[in-house]
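# Overview (structure and organization)
These are the residues of each chain, in order.
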Amino acid sequence: MQNSTDHTNPAQKILLAAYDCLSTRGYANVTMRNIADEAGVALSQLTYYFKNKEKLFTEVINKMAGQYICEIETRMRTAADLNEKIVSLTQFFKEMLQGKPKLLKLFIDFAAQAMWIPSFREQVDSLFGSLTLLIEKSILNDPATHQSMPMYSANAIAKLILGALFGASVQTLLSADKDDAFESFNLAESLMGT
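Residues numbered from 1 in each chain as written. Predicted model: local features only at pLDDT ≥ 70, side-chain atom pairs only at ≥ 80, totals over all residues. Heavy atoms only, no water.

## So, the side chain of serine 23
With respect to the helices and strands, the residue serine 23 is situated in helix α1 (residues 10-25). For serine 23, a relative accessible area of 7% translates into the label buried. Within the structure, serine 23 has its side chain in polar contact with the backbone oxygen of tyrosine 19 (distance 2.8 Å). From its side chain, serine 23 meets the backbone oxygen of aspartate 20 in a polar contact 3.3 Å long. (Helix = DSSP H or I, 4+ residues; strand = E, 2+ residues; numbered from the N terminus. Buried < 20%, exposed > 50% of the residue type's maximum accessible area, 1.4 Å probe, protein only. Polar contact = N/O pair within 3.5 Å; in protein donor to acceptor, adjacent residues only side chain to side chain.)

## Description of the nonpolar core
Counting residues in each nonpolar core, the largest one holds 57 residues, and the members touching the most others are Ile35, Leu56, Phe57, Met64, Leu89 and Phe110. Elements with a minimum of two residues in this core: α1, α2 (32-39), α4 (53-78), α5 (82-99), α6 (101-113), α7 (118-138), α9 (154-174) and α10 (183-192). For this core, the leading source of residues is α4, giving 9 residues. Not counting the four nearest positions on each side in its chain, phenylalanine 110 is found in contact with Leu22, Tyr27, Phe57, Val60, Ile61, Met64, Phe120 and Val124. (Core = buried A, V, L, I, M, F, W, Y, C linked by side-chain atoms within 4.5 Å. Contact = heavy atoms within 4.5 Å.)

## A closer look at the packing of α1 against α2
Between α1 and α2, the shortest axis-to-axis distance is 8 Å and the interhelical angle comes to 120°. With respect to α2, the axis of α1 lies oblique. Considering only the axes of α1 and α2, their crossing is right-handed. Counted together, Lys13, Ile14, Ala17, Ala18, Asp20, Cys21 and Arg25 of α1 and Asn34, Ile35, Glu38 and Ala39 of α2 form the full contact between these two elements. Its residues placed into classes, the contact of α1 with α2 shows 6 nonpolar, 1 polar and 4 charged. (Axes fitted to C-alpha atoms, helices over the stretch in contact; angles between N-to-C directions. Parallel < 35°, antiparallel > 145°, perpendicular 65-115°, else oblique. Left-handed = near helix turned anticlockwise from the far one by under 90°. Nonpolar A, V, L, I, M, F, W, Y, C, P; charged D, E, K, R; others polar.)

## A word on the confidence of the model for the protein chain
Model confidence for the protein chain is summarised by a mean pLDDT of 84, while 88% of its residues fall at 70 or above. Across the protein chain, the element-wise mean pLDDT spans from 63 in helix α8 (residues 143-148) up to 93 in α2. This model gives residues 1-5 a pLDDT under 50, and the stretch forms 10 contacts once residues within four places in sequence are excluded. (pLDDT = per-residue confidence, 0-100.)

What follows is the structure, encoded as structure tokens:
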């Protein structure tokens, strides 16, 4: 998400502030008051646009999901073959870890919250479903992949790839040993790209 300006409408300013607060402090540590203060609006104005914390954060999830899907779609479209697509997808997660860790942490935080909040569950499940479908269409419609793993559906393989990259991202964010934090991504590239 981008920084707000004076020309940003109040709802957009609030969304940007919510994104900044959430990606910096996490869902459990952010209040509506924190977001109103960050956005420079009265709490009543915040609740005018977004009735409660859940509705505001649901909108943040929508924005985050759109950003993920758009970036991954663009990368997959420009890759020429299966190996390039796998490398491109793996590079996306590595770049998120290095250049946009707040966005990745926010994704992970919402995935954790989705276990307990039904509206988040629907949205995060939808995001995972969209990403899985994107991987399935972009990578796994390759006939060679089906020949090498004929007993598994393309959807199951796509879920495994997304799960592996998501899980490796969580482990890398939590790792104290940053020297070989990306080794699992390099392994993923070599295993999945061949």
